[in-house]
Amino acid sequence: MVPYFLTTLLVGVCAAPQGVLSRSTRVSSSRMSPLSLRHKQILVPKPVADRTRLKTKRLLAVSSVPEAATAIATNMFSTPDSTFNTLFAGLGATALAIKVGDRPKDDGGDKDDDDEDNKRRVRSLQRRFLSVFWMMRMADWLQGPYFFEVYASKVFNGAPASLEIISRLFLVGFGTTAIIGPTAGRLVDSYGRKLGTLAYSFFYTLGALSTKALTLPTLLAGRVAGGIGTSLLFSAPEAWLVGEHQRCKLPEKSLGQTFGLAYAGDSIVAIVAGQLAALAAASRGPSGPFELSTLFLASGALTAALAWKENVAEASNPGSGGEGGEKQKSGPSVREAFSMMLSDRKILLVSLIQALFEGSMYIFVLQWPPALQSAIQGSVPFGKVFSCFMASCLIGTSLFASVGRRGVKVESSTIAMLGAATVAMAGSVAGFLSPTNKLANLITAFFLFEVCVGMYFPSIGTLRSKYIPDSHRSVIMNLSGVLLNMIVVAVFLSIKKLGVAGALMSATVTLGGALISSIALNAAASRAEKEKLHPAN
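Residues numbered from 1 in each chain as written. Predicted model: local features only at pLDDT ≥ 70, side-chain atom pairs only at ≥ 80, totals over all residues. Heavy atoms only, no water.

1. Brief notes about the overall build of the chain
What the chain contains, in helices and strands, is 20 helices and two strands. The buried share of the chain, taken over its 537 residues, is 48%. Put simply, of all contacts in the chain between residues at least 6 apart along the chain, 84% involve residues at least 24 apart. Working note: accessible area of the chain is about 26700 Å², and carbon and sulfur atoms make up 64% of it. (Helix = DSSP H or I, 4+ residues; strand = E, 2+ residues; numbered from the N terminus. Buried < 20%, exposed > 50% of the residue type's maximum accessible area, 1.4 Å probe, protein only. Contact = heavy atoms within 4.5 Å. Areas by Shrake-Rupley, 256 points an atom, 1.4 Å probe, with all protein chains shown as cover.)

Listed below in structure tokens is the structure:
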């Protein structure tokens, strides 16, 4: 930027008579009087004078460019709404750049018929799975942003619902997931993953419709139904995908690609859901998004009913009967699944990573709103902040796909992701307690954590498919949810003592535990690979 005084000086020099005199007309000023010098200006040729004016205009224009840029930047960050709109545009552009820059290149070589057949079958499986998965996730995302508001709008005994009542409604759902989860997982593995997905739609629809109720018992019953639905959502569809992938004998690497696609699309679905939820709430009140979610639940259930074939867990001892192993008749027991976790260190470590990371994530979900409220004067544009978070998640899923294509092991990339998440959450604590630049520090830490969330879901999906046996997949996934829910409930029962900073610090500690577990998993996997390559004599 050219300083104002320097611009003025340059303009003055260019406009000065001595600087514009032609060589033929220039005379010594010591031999001319001031009056003569003034008259001498008349002799300046017109082309030279025109060039002088042009130079002056250009210099003035140059001096105004920084001022215009400053004005534009000021407008872009003048209000919370404009700030997060600008950040969303930047995050979206970053995600797009990663996607475009990392597109797989066609080497133009000969294509094997078997490889082409595998690609065709993988695409067919992806279409069937993703069409259902994204509609189910849309229903879930529609409800999230208005969970607090829909219950806060209720009136009991002539008084609005208190924060304590809302917190208890929240914990009822979590407690139900913790208690029912393992049993629900056992039933899913025994009677079918497709049936479990349809059951999720049923229970989640009941929970959504209960938000129209005015009585506390009905609202509590709705939260119980929602808790059952949540345990099914995070086990049945994924278990169906992995089971179908194994049944079709598809390449292992394609499963990681499918998880990457699923959660990249999930980020976009969440952004769209935020906008649809706002429109539904404006039209129908805080229960509007819940009503809209039932349409997506019905569509997802119908698609699954028509496009999915049922699959159940394979028996843990394939040689027990029949060619290819007997299907589970009585179903895997919770005790067997727990014993399997304890006997195989890799299964236990994957379960710990899931419980600790997702526990910290749920703590974060209810702490970022008050954290930002403390940093922003006036109302916080929660919808726009949420869109920024989802754009950050999209960056994370894009990075997962990128490092996977470069041959980086998922165990190694998970360590890096969990390390970054731990640093980000610790940074959010420091940012919340910081007396200066509080908002900038918080959003930097929060966006980095959400990038890690975007990497986490395809990473944990790949790790579960790799280490958790199909015979007890849903049960073990729901057993991990027990520890997850215990962490969340413990933190929120102590939230008055902890405060926002204490809750975020608790999330940092759990992320540190997940990081340690991922390092141990990588070491255990490396030892197993070495033993496989060099078996003991």
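Picking up after the structure, the text goes on.
2. Remarks on the pattern of salt bridges
The tally for this structure, following the rule as stated, stands at twelve salt bridges. Measuring nitrogen to oxygen at the nearest pair gives 3.3 Å for the salt bridge that ties Arg121 to Asp117. Taken together, the residues Arg121 and Asp117, both in helix α6 (residues 113-143) and four residues apart, mark about one turn of the helix. Overall, the relative accessible area of 26% leaves Arg121 in the partly exposed class. Between Arg128 and Glu244 there is a salt bridge, with the nearest N and O atoms lying 3.7 Å from each other. Taken as a pair, Arg128 in helix α6 and Glu244 in helix α11 (residues 236-247) lie far apart in primary sequence, 116 residues in all. The pair Arg128 / Glu244 is uniform in exposure class, with both members buried. (Salt bridge = Lys/Arg side-chain N within 4 Å of Asp/Glu carboxyl O.)

3. Describing the side chain of Ser254
Structurally, the position occupied by Ser254 is in helix α12 (residues 252-284). A distance of 2.6 Å separates a polar side-chain atom of Ser254 from the backbone oxygen of Pro251. Ignoring sequence-local partners within four residues, the contact set of Ser254 consists of Val122, Gln126 and His245. (Polar contact = N/O pair within 3.5 Å; in protein donor to acceptor, adjacent residues only side chain to side chain.)

4. Some points on the nonpolar core
Counting residues in hydrophobic clusters, the biggest one holds 125 residues, and the most contacted among them are Phe357 and Phe449. Residue contributions to this core peak at 14 residues, all from helix α18 (residues 438-467). (Core = buried A, V, L, I, M, F, W, Y, C linked by side-chain atoms within 4.5 Å.)

5. Brief notes about the packing of aromatic side chains
Applying the stated rule across the entire model yields 19 aromatic pairs. Judged by centre distance (4.1 Å) and plane angle (15°), the rings of Phe357 and Tyr456 are stacked. Of this pair, Phe357 sits in helix α15 (residues 345-373) while Tyr456 sits in helix α18, and the two are 99 residues apart along the sequence. Neither Phe357 nor Tyr456 differs from the other in exposure class; each is buried. The class of Tyr456 is buried, set by a relative accessible area of 1%. (Phe/Tyr/Trp six-rings, centres within 6.5 Å; stacked < 30°, edge-to-face > 60°.)

6. Some thoughts on the environment of Ala375
By secondary structure assignment, the location of Ala375 is in the loop between α15 and α16 (382-405). Distance in space between the C-alpha atoms of Ala375 and Lys438 is 5.9 Å, their sequence separation being 63 residues. If we ignore the near neighbours within four places in the chain, the residues touching Ala375 are Lys438, Leu439 and Leu442.

7. Remarks on unusual backbone geometry
In this structure, Lys249 takes a positive phi of about 55° despite not being glycine. Structurally, Lys249 can be placed in the loop between α11 and α12. Relative accessible area serves as the criterion here: at 69%, Lys249 is assigned to the exposed category.

8. Here we look at a nonpolar patch on the surface
The grouping of Leu187, Tyr191 and Leu195 at the surface amounts to a nonpolar patch, some 320 Å² of accessible area in total. Take Leu195: it is sitting in helix α9 (residues 193-209). (Patch = residues over 30% accessible without salt bridge, like charges linked within 9 Å, V, L, I, M, F, W, Y side chains within 5 Å.)

9. Things to note about the packing of helix α17 (residues 410-433) against α18
Interhelical geometry of α17 versus α18 gives an angle of 155° and a closest axis separation of 8 Å. Taken together, the axes of α17 and α18 are roughly antiparallel relative to one another. Both α17 and α18 take part in a crossing whose hand is left-handed. Here the residues of the contact of α17 with α18 are counted per class, giving 17 nonpolar, eight polar and three charged. (Axes fitted to C-alpha atoms, helices over the stretch in contact; angles between N-to-C directions. Parallel < 35°, antiparallel > 145°, perpendicular 65-115°, else oblique. Left-handed = near helix turned anticlockwise from the far one by under 90°. Nonpolar A, V, L, I, M, F, W, Y, C, P; charged D, E, K, R; others polar.)

10. Some details on α16
For α16, spanning 24 residues, the distance from its first C-alpha to its last is 35 Å, which sits close to the expected 34 Å at 1.5 Å a residue. Two residues or fewer after α16 comes Gly407, characterised by a positive phi angle close to 85°. (Expected span 1.5 Å × (residues − 1).)

11. Details of the packing of α15 against helix α20 (residues 495-533)
Where α15 contacts α20, the axes come no closer than 8 Å and their chain directions differ by 155°. The orientation of α15 relative to α20 falls into the category roughly antiparallel. The handedness of the crossing between α15 and α20 comes out as left-handed. In terms of residue class, the contact of α15 with α20 is built from 21 nonpolar, seven polar and three charged.

12. A look at the confidence of the model for the chain
Low-pLDDT portions of the prediction should not be read for the details of their coordinates. Per-residue pLDDT for the chain has a mean of 79; in total, 79% of the residues score no lower than 70. Low pLDDT (under 50) marks residues 1-44, which in the prediction has 25 contacts with non-local residues, meaning those over four places away or in another chain. Low confidence marks residues 318-329, where pLDDT is under 50. Its contacts with residues over four positions away, or in another chain, come to 17 contacts. (pLDDT = per-residue confidence, 0-100.)

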